[in-house]
Amino acid sequence: MRTWYQRTEEDILANLHVTKDGHTSKAAAELLETKGENVLEGGKKKSTLQVFISQFADLLVIILIVAAVISAFTGSEESTIVIIAVIILNAILGTVQHKKAEKSLDSLKSLSSPSAKVIRDGQKMEIDSKYVVPGDILLLEAGDLVVADGRVLNSYSLQVNESSLTGESTSVDKSEGVLDEEVPLAERSNMVYSSSLVTYGRGVVVVTGTGMDTEIGKIASLMNATREKKTPLQVSLDQFSSKLAMVIMVICVIVFALSLYRQMPVLDAMMFAVALAVAAIPEALSSIVTIVQAMGTQKMAKEHAIIKELKAVESLGCVSVICSDKTGTLTQNKMTVQNIYIDGKVIEPEELDLKNQLHRYLLYDAILTNDSTIVDGKGIGDPTEYSLVEMVRKIHLPDRVIRDMMPRLEEIPFDSDRKLMTTKYRLHGVPTLLTKGALDVLLDRTTRIRTSEGVREMTEADRETILNQNLNFSENGLRVLAFAYREAEENETLSLDSEDNYIFLGLISMIDPPREESAAAVADAKRAGIRPIMITGDHKITATAIARQIGIFEDGDMAVTGTELDAMPDGELDEKISKISVYARVSPENKIRIVDAWQRRGHVVSMTGDGVNDAPALKKADIGVAMGITGTEVSKDAASMILTDDNFATIIKAVANGRNVYRNIKNAIQFLLSGNMAGILSVLYTSVMALPMPFAPVHLLFINLLTDSLPAIAIGMEPAERDLLSEKPRDPKEGILTKKFMTDIFVQGALIAAVTMAAFYMGLNKGGSALASTMAFATLTAARLFHGFNCRSKHSIFKIGFSGNWYSLAAFAAGMVFLNLVLFVPVLKRLFLVSSLTSGQYGAIYLLAVIPTILIQCVKMIREH
Ligand code: ATP
């Protein structure tokens, strides 16, 4: 069979049972059923059973089970059963957590999955790319991601970048037609392939393959797909865990040797040593990180920031520079025309008069060099453009009639590099070019001016007056568009060279007020030690005026244009960069340079972007931020975070959340490690002092595997504190395990070990080793549960309050219930080798257990004053 690119369009459409009007919704739904979703299967997911089994894939746990089974034959079946039960229960808990984290990561993935424009039932619609099926008629335009393989039916200068498949970084033209010869993928000019980017033009495509049936799908299956990568924090914790494991192993060997020396049966000694190792080695650290980060990203998604990769959560907390677009991100993107400069005068929009020929040309230019419209009071298209439609409607000009009467002959669309848009119409029977765009660009291409007295050569004085007027508008924060036209030759076809020799008509200024929350968000950013910077395509003076209103630009700061930046050598930029808070008239390449310069100074940079050309800058930034509403699919693909409300304030909220997630992870780690430390120190102490064992293996497993994980997760859920934004950004090079952090863990662990040993001695004096071990076990469990409250925050519990985190209360309560069940229910007492307690001893346990927490809280309170 001939392959897709060698067949005729009719043949392909017939083969796929579809017309150019697309599938019916019913046919599409059926195809989705049979062909499956249009997604790459990123490595088969583990089933729940596999996840459960993998929880046991730990050599120590296996040794422990083997030791327990062997010891069952020597008479202690009960404790064998309990050990196995506790390990199974722990594996169930681990499986539930794993599945929950996986589910929340999946839901994030689907939030950020690209959309596609298709024709179905003869109508254009936007659907999630995963619902695209073979035979769908796909509409592509610059900025889109190609989401499936397809054959080009129509191309309007369609250009595509296929580097992900071919490695070729320049864009290639795509066109209609049949290719007879067999050609390699890179030369199939009538096909587009999934994962390519549309860089220019428009196209209509019929989908020939989806999901794993695409060319990229074939590669993906070859590589056997991408595994979820570990974040830097997870990697460093994994490394730390393995080092710690070595130390613990050494301790366990010492304990084992001492036990043998004291004539403990080999099997018991071994089981104890292994239980100690299982209890003390924090294998759970890396999974706690995933769980807390996954929960954090869920919260951020609710607050309009979709995180595409977990790694971004960590970097967010370190962000020290935020480069933000102006229009729509810091401002409302609600343009309203304010004033018009025409014929040497500034007038109100209402004063425009269709009977005045000069005004008429400006009005034609405004309506016709314009692709937006207003339906039911809602603007569709570019806000800059529909503000012009609103303007002409104010003077009751029938914009639709004018557009219907005059068909557009040609156009060069607006792009933010050229900052111009040009169309060709026949006005009064004469082919005419109409242009609108940035004044600084247009003025260079203008040689004449039209006034009420007619067209004349433009003088230097004219230029100066126009520039002054532009300055005047811009200083008030207004966006200015310049309008010009010229007659064209009958046979002149439009090209970029045509945009010259224009006749100046006038200026229209429009207001785009800052978002209400921008000023507060900028102040928050500054308080948080983050430098906000405005990067915009708009005029320098306009941008500076807005930046001043919202607090980004302060006295002494500098504003620089893209051209000035181009002329600046790296050395000079490095010198000035800390002063520059506004970059105007920038190109996408400028953005890359700005990111680079800040990164050279050791900063972690966040950069926003929406256009197809912004992708490299978004990738270069530590946190690339794309706009969910107005952004292109390409920019969303390149970003690590997507704002679903396009709002600058959301970035600041996300940074706060990122900081909070990191802090919570750190606190959870502190909780787990200090608790483990307490256990190890207690065992080490009794071994060295030749005392009986303070815990039975089941006790250690009970604490570490059951009562510990809930408080750790609860600590991970701690809400953000208000003072989070008054701290400086975290140094990305500073690891989590600082000296102070490790000292805290040691001191807190030692405190808990001390009270555990006090309880142990008490029991030893009153009732012997069984009572001693019961009291030590209960005290250690309770002390660690109390300690959960200490680890919630660096502040005292009275400052943060108990009610701020209900999860921590619930985790505490659950732990206490577990403990008391073991202490009082006769069957459990027997299974967990627990002796009966008098009420005095019971009281003593709690009193001792709460002491470390009281001390730690006192220190916190003293530090607060
Ligand atoms: P940013 O979103 O980066 O803050 P911006 O939206 O102001 O900036 P662009 O959309 O690239 O940046 O616009 C740059 C300049 O191009 C504007 O200042 C304006 O003069 C001109 N311009 C904007 N939109 C149009 C348009 N639709 N047609 C013609 N010129 C336009």
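Not measured: the values here are computed from a predicted model. (Residues numbered from 1 in each chain as written. Predicted model: local features only at pLDDT ≥ 70, side-chain atom pairs only at ≥ 80, totals over all residues. Heavy atoms only, no water.)

## Here we look at the side chain of Lys424
So, step 1. Following the sequence through the fold, Lys424 ends up in strand β15 (residues 420-427).
So, step 2. In this structure, Lys424 is in contact with Arg408, Leu409, Glu410, Pro431, Thr432, Leu433, Glu490, Glu492 and Leu494, ignoring residues within four places of it in sequence. (Helix = DSSP H or I, 4+ residues; strand = E, 2+ residues; numbered from the N terminus. Contact = heavy atoms within 4.5 Å.)

## What about the packing of aromatic side chains?
So, step 1. According to the stated counting rule, one finds nine aromatic pairs in the structure shown.
So, step 2. Relative to Tyr761, the ring of Phe760 has its centre 6.3 Å away and its plane inclined at 70°; by these criteria the two rings are edge-to-face.
So, step 3. Their ring planes at 50° and their centres at 5.1 Å tell us that Phe789 and Phe812 sit as a pair that is tilted. Of the two residues, Phe789 is situated in helix α28 (residues 769-790) and Phe812 in helix α30 (residues 806-824); the sequence distance between them amounts to 23 residues. Considered together, Phe789 and Phe812 belong to a single accessibility category, that of buried residues. (Phe/Tyr/Trp six-rings, centres within 6.5 Å; stacked < 30°, edge-to-face > 60°. Buried < 20%, exposed > 50% of the residue type's maximum accessible area, 1.4 Å probe, protein only.)

## Let's talk about the sheet that holds strand β24 (residues 605-609)
The strands making up a sheet associate through hydrogen bonds between their backbones, and the pairing can be parallel or antiparallel.
So, step 1. Spatial strand order, β8-β26-β25-β24-β9-β21-β23-β22: eight strands in an open sheet with mixed pairing. Of all strands in the sheet, those with a lone pairing partner are β8 (305-307) and β22 (558-561), marking the two edges. The sheet shows a mean angle of 20° between the axes of neighbouring strands, direction not considered.
So, step 2. Pairing of β22 with strand β23 (residues 580-584), which is carried by four bridges, proceeds in the parallel orientation. Each bridged residue has a counterpart across the sheet, and for Met558 the counterpart in β23 is Ile580.
So, step 3. Against the sheet, helix α24 (residues 648-688) engages β8, β9 (321-325), β21 (531-535), β24, β25 (623-627) and β26 (641-643), with an angle of about 155° to β9. (Pairing = 2+ DSSP bridges. Axes fitted to C-alpha atoms, helices over the stretch in contact; angles between N-to-C directions.)

## As for the site of the ligand
So, step 1. Looking at the ligand, there are 19 residues lining it, with Lys326, Thr327, Ser416, Arg479 and Asp538 nearest.
So, step 2. Within the backbone of Thr327, an N or O atom sits 2.9 Å from an oxygen atom of the ligand.
So, step 3. Between the ligand and Glu385 there is a distance of 3.0 Å, counted from a nitrogen atom to a side-chain nitrogen or oxygen.
So, step 4. In isolation the ligand has 620 Å² of accessible area, and contact with the protein removes 91% of it.
So, step 5. When residues of the shell around the ligand are traced back to their parent elements, those giving at least two are β16 (430-437) and β19 (479-487). (Near = heavy atom within 4 Å. Polar contact = N/O pair within 3.5 Å; in protein donor to acceptor, adjacent residues only side chain to side chain. Areas by Shrake-Rupley, 256 points an atom, 1.4 Å probe, with all protein chains shown as cover.)

## Let's talk about the pairing of strand β1 (residues 115-120)
So, step 1. For β1, the buried fraction is high: five of the six residues fall into the buried class.
So, step 2. Sheet topology note: the β1/strand β2 (residues 123-128) ladder contains six bridges and is antiparallel. Looking at the pairing, Ile119 lines up with Lys124 of β2.
So, step 3. Count of turn residues in the β1/β2 antiparallel hairpin: two residues, of which Asp121 carries a positive phi of about 50°.
So, step 4. With three bridges joining them, β1 and strand β3 (residues 137-141) adopt antiparallel strand pairing. Each bridged residue has a counterpart across the sheet, and for Val118 the counterpart in β3 is Leu138.

## A look at the UniProt feature "transmembrane region" (unreviewed entry) in the protein chain
So, step 1. UniProt records the feature "transmembrane region" (unreviewed entry) for residues 51-73, 79-96, 244-264, 270-292, 668-688, 741-762, 806-828 and 840-859 in the present numbering.
So, step 2. Taken end to end, residues 668-688 is 100% helix and 0% strand, and its two terminal C-alpha atoms sit 30 Å from one another.
So, step 3. Taken as a whole, residues 840-859 contains 100% helix and 0% strand, while its terminal C-alpha atoms sit 29 Å from one another. (UniProt positions renumbered as here; feature names shortened; annotations may be inferred.)

## A word on the nonpolar core
So, step 1. Leu316, Met534 and Met641 are the most contacted members of the largest nonpolar core, which totals 78 residues.
So, step 2. Looking at this core, the element that brings in the most residues is α24, giving 15 residues.
So, step 3. If we skip the residues at most four places from it in the chain, Leu316 touches Met300, Ile307, Ile623, Met641, Ala654, Val655 and Gly658. (Core = buried A, V, L, I, M, F, W, Y, C linked by side-chain atoms within 4.5 Å.)

## Some points on helix α26 (residues 709-716)
So, step 1. Counting buried positions along α26 yields seven of eight residues, so the element is predominantly enclosed.
So, step 2. Along α26, the residues classified as buried are Ser709, Pro711, Ala712, Ile713, Ala714, Ile715 and Gly716.
So, step 3. If you follow the buried residues of α26, they end up packed against α5 (77-111), α10 (285-302), α24, α25 (697-707), α28 and α30.

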